[in-house]
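Chain by chain, the residues run as shown.
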Amino acid sequence: MGFSDTRFNVNLSILFTELPLLERPAAARAAGFTAVELWWPWVDAPVPEPAELAGLRDALNDAGTRLVGLNFYAGRLPGPDRGALSVPGAESERFRANVPVAIEFARSLGCTTFNALYGNRVEGFSPEGQDRLALENLTFAARAVAQVGGTLLIEALNAPESPACPIVSAPKAIEVVDAVNAATGLGNAKFLMDLYHLSMNGEDLEEVIDRYTDKTAHVQIADNPGRGAPGTGELDFEALLDRLKKAGYDGWIGLEYKPGDTPSASSFAWLPAPLRAAP
């Protein structure tokens, strides 16, 4: 494969998970990568102890890895949850409590890009009520992110693996992006284009790229079927990423795939070592 002018980063919440969290940045750097992203690492603590935050900050800095993307608190992920911001009650409150903490942690590392996962539908509450709550929380987050000149990402998941999540298509995610921007007037809500999820939904990836690249601020990849490394499934990433470039995308490509039964460091054979460090 090519990719000589592509900026890749490694998601340390799905790759290198055979290692403790604080050892993953150094492992990614040893594999040749200089940029990483993370889901919120403390699934039970939207507001961790300062020592926990400092330990991860030090691990990232000591490894020489740049944090380029961070999820806000999203419940148990990986696990049954698909976000917290549309879930009434305690989960919504945890999301809001997490927003300033996550922003300050990321800002201290030079990162201003944040993914806000929507959440599953909850029995006993109307979809309309959950959508109103989601818009309130996304508006709150977008305004907070704007204070550091940042970007709020809205991601579409896939219906087969996330049947209770209502954001399971590119058009639906774009609808939410547009609603947040209309509510705030800031224009800092953008689409997170995860090509694996969109492929699982059966969407036409070329059409998605052509229609929505101008509203996209981050891209994630995994092959389909299997959510493995590029080359383990049927997606033509060389063609897809080339199409993204031609459409004007010059941002990060997050590697958010499962390494399989081998150590994570063995899953990068598809990408020559000289191309792993971000230009």
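Anything mentioned here points back to the structure above.
Draft legend 1. Fine view of the overall build of the protein. A count of helices and strands for the protein gives 8 helices and 8 strands. Taking 19 Å as the expected radius of gyration for a compact globule of 279 residues, we find that the protein reaches 18 Å, a close match to that expectation. Seen through its C-alpha atoms, the protein measures out along the principal axes to roughly 50 × 45 × 35 Å. Taking all 279 residues of the protein together, the buried fraction comes to 54%. Taking as baseline every contact in the protein between residues at least 6 positions apart, the subset at least 24 positions apart corresponds to 75%. Total accessible area computed for the protein in this model is approximately 11,400 Å², and 50% of it derives from carbon and sulfur atoms.

Draft legend 2. Structural view of helix α4 (residues 127–146). Between its first and last C-alpha, α4 extends 28 Å over 20 residues, near the 28 Å set by a 1.5 Å rise per residue. Along α4, the positions that sit buried rather than exposed are Q130, L133, A134, N137, L138, T139, A141, A142, A144 and V145.

Draft legend 3. Seen up close, the sheet that holds strand β1 (residues 7–11). Pairing is parallel in the closed barrel, where 8 strands are placed in the order β1-β2-β3-β4-β5-β6-β7-β8. Adjacent strand axes in the sheet meet at a mean angle of 30° when their direction is disregarded. Helix α5 (residues 170–184) rests against β5 (151–155) and β6 (189–194) of the sheet, and its axis sits at about 165° to β6.

Draft legend 4. Representation of the side chain of N115 within the structure. Within the secondary structure, N115 is located in strand β4 (residues 113–115). A relative accessible area of 3% means that N115 is categorised as buried. Not counting residues up to four positions away in its chain, the partners in contact with N115 are L70, N71, F72, L153, E155 and L192.

Draft legend 5. Structural view of the nonpolar core. Counting residues in each nonpolar core, the largest one holds 86 residues, and the members touching the most others are F8, F72, F191, L255 and F268. For this core, the element with the highest residue contribution is helix α3 (residues 90–107), accounting for 7 residues. In this structure F72 touches W40, F95, N98, V99, A102, I103, F114, N115, A116, A141, V145 and L152, once residues within four positions along its chain are discounted.

Analysis parameters
- Residues numbered from 1 in each chain as written.
- Predicted model: local features only at pLDDT ≥ 70, side-chain atom pairs only at ≥ 80, totals over all residues.
- Heavy atoms only, no water.
- Helix = DSSP H or I, 4+ residues; strand = E, 2+ residues; numbered from the N terminus.
- Rg over C-alpha atoms; globule rule 2.2 N^0.38 Å.
- Buried < 20%, exposed > 50% of the residue type's maximum accessible area, 1.4 Å probe, protein only.
- Contact = heavy atoms within 4.5 Å.
- Areas by Shrake-Rupley, 256 points an atom, 1.4 Å probe, with all protein chains shown as cover.
- Expected span 1.5 Å × (residues − 1).
- Pairing = 2+ DSSP bridges.
- Axes fitted to C-alpha atoms, helices over the stretch in contact; angles between N-to-C directions.
- Core = buried A, V, L, I, M, F, W, Y, C linked by side-chain atoms within 4.5 Å.

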